[in-house]
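So the chains spell out like this:
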Amino acid sequence: MSGVFICCGFAAMAQPVVIAALGDSLTQGYGLPEQDGFVPQLQRWLQDDGVDIQLINAGVSGDTTAGGAARVDWTLTPEVDGMIVALGGNDMLRGIDPSVSRSNLEAILVAAETAGVEVLIVGMQAPGNYGVDYKQRFDAMYPELAQQHDALYAESFFDGLTAEGDPEAARQFMQSDGIHPNAQGVAMIVDHLGPSVVALAERVAD
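Position numbers for residues start from 1 in each chain and track the written sequence from start to end. Given that this is a predicted model, residues contribute local features only at a pLDDT of at least 70 and side-chain atom pairs are listed and counted only at 80 or more, while totals for whole chains, interfaces and linings are drawn from all residues. Side-chain metrics rest on all non-hydrogen atoms present in the structure, leaving aside hydrogens and water.

Q: Sorry, what's going on with the side chain of Thr 27 here?
A: Helix and strand definitions follow DSSP, with helices as H or I runs of at least four residues and strands as E runs of at least two, each counted in order from the N terminus. By the element assignment, Thr 27 lies in helix α1 (residues 25-28). Note on contacts: a residue pair is in contact if any heavy atoms of the two residues lie within 4.5 Å. Apart from residues lying up to four places away in sequence, Thr 27 is in contact with Ala 21, Phe 38, Val 39, Asn 57, Gly 59 and Ala 86.

Q: What exactly am I supposed to notice about the packing of helix α3 (residues 65-75) against helix α5 (residues 98-115) here?
A: To describe two helices that pack against each other, one gives the angle between their axes and the distance between the axes. Structural elements are reduced to axes, namely lines fitted to C-alpha atoms, with helices fitted over the stretch in contact, and the angle between N-to-C directions of any two is expressed from 0 to 180 degrees. Remark: α3 packs on α5, axes separated minimally by 8 Å, with the N-to-C direction vectors making an angle of 20 degrees. Taken together, the axes of α3 and α5 are roughly parallel relative to one another. Pair α3 / α5 crosses with left-handed handedness. Between α3, through Thr 65, Ala 66, Gly 68, Ala 69, Val 72 and Asp 73, and α5, the contact on the second element is made entirely by Ser 101, Asn 104, Leu 105, Ala 107, Ile 108 and Ala 111. Of the residues belonging to the contact of α3 with α5, the class tally is seven nonpolar, four polar and one charged. In these notes the angle categories are as follows: under 35 degrees is roughly parallel, over 145 is roughly antiparallel, 65 to 115 is roughly perpendicular, and the rest is oblique. A crossing counts as left-handed when the near helix is turned anticlockwise from the far one by less than a right angle, and as right-handed when that turn is clockwise. By the convention adopted, Pro, Cys, Tyr, Trp, Phe, Met, Ile, Leu, Val and Ala count as nonpolar, Lys, Arg, Asp and Glu as charged, and the other residues, Gly among them, as polar.

Q: Any chance you could explain the pattern of salt bridges here in plain terms?
A: It is possible for side chains of opposite charge to pair when their charged atoms get near one another. In the sections that follow, a salt bridge refers to a side-chain nitrogen of Lys or Arg positioned within 4 Å of a carboxyl oxygen of Asp or Glu. Enumeration over the complete set of coordinates arrives at seven salt bridges. Residue Arg 102 pairs with Glu 144 through a salt bridge whose shortest N-O separation is 2.7 Å. Of this pair, Arg 102 sits in helix α5 while Glu 144 is found in helix α6 (residues 132-148), placing the two residues 42 residues apart along the sequence. Salt-bridge contacts for Asp 133 lead to Arg 137; the nearest nitrogen and oxygen are separated by 3.1 Å.

Q: For this particular structure, what's the right way to read the nonpolar core?
A: A general trend in soluble globular proteins is that nonpolar side chains are found buried together. In plain words, nonpolar cores are sets of buried Ala, Val, Leu, Ile, Met, Phe, Trp, Tyr and Cys residues tied together by side-chain atoms within 4.5 Å. Think of it in three bands: with a 1.4 Å probe and only protein chains considered, a residue is buried below 20% of the maximum accessible area for its type, exposed above 50%, and partly exposed in between. In terms of nonpolar packing, the biggest core is built from 62 residues, with Ile 19, Phe 38, Leu 42, Leu 46, Met 83, Ile 84 and Phe 157 touching the most fellow members. Ranked by residues supplied to this core, first place goes to helix α7 (residues 183-205) with nine residues.

Q: Is there a simple way to explain the pairing of strand β6 (residues 118-122) in this structure?
A: Looking along a regular strand, one sees the side chains alternate between the two faces of the sheet. β6 sits mainly inside the fold: four of its five residues count as buried. When DSSP finds two or more bridges between a pair of strands, those strands are recorded as paired. Inspection of the sheet shows strand β5 (residues 82-86) paired to β6 by four bridges, in the parallel sense. Each bridged residue has a counterpart across the sheet, and for Met 83 the counterpart in β6 is Val 119. Pairing between β6 and strand β7 (residues 152-154): three bridges, direction parallel. By the bridge assignment for β7, Leu 120 is matched with Leu 152. Seen with its strands pointing away from the viewer, a crossover is right-handed if its path from the first strand over the helix to the second goes clockwise. One crossover worth recording links β6 to the parallel β7 by way of α6, and it is right-handed.

Q: Can you walk me through the sheet that holds strand β4 (residues 53-59) in this structure?
A: Within a sheet, neighbouring strands are paired by backbone hydrogen bonds and run either parallel or antiparallel to one another. Pairing in this open sheet of five strands is parallel, and the strands run β4-β3-β5-β6-β7 from one edge to the other. Unpaired on one side and paired on the other, β4 and β7 mark the two borders of the sheet. Averaged over all adjacent pairs, the angle separating strand axes in this sheet is 20 degrees, with direction ignored. Along the sheet, α5 contacts β3 (17-23), β5 and β6; its crossing angle with β5, the most-contacted strand, is approximately 175 degrees. The sheet contacts of α7 involve β3, β4, β5, β6 and β7, and relative to β6 the element is tilted by about 160 degrees.

Just geometry here; none of it tells us what the structure is for.
Here is the structure:
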């Protein structure tokens, strides 16, 4: 694996670490020019901070956890050292039972373990209109699976937009559909998730 040393608070890589971002439209960059999507903005963020990570955009718009589980094996090509898993939003929108989503996410984590690939799993929170039981089971599956499979965990893809604790203020950083972030919103998300991606790369090199 690639060597790492710490410089100015960030990891500097002796060789590039390759990280695949397995996700849905949020990862793919739906509704945005290619350069404004999550993966290209994250790549620039890493480069600006002197972090040598090569990202692969494995986001597919409309994908569910089942879709991610179905294609994880061919996402985990030999050069991939780490993987960001950001799936579940479309499961929630379709009202898929959290136990099904959980099984799919677990299959993804097991595939990564088998391939010797470190994982950062990014959580998602269900709205209250699905009921208390659904929300509790959906929200809990991410941290529980991360703990069970020794994966890194980021609480929410959207935490960077709600850092001030005001969800309403985040609307200005969303596209007109109210689901996908605009370019400025993606930049805020990247600022928030970037250090977790650096931590993933450091874990790869340990």
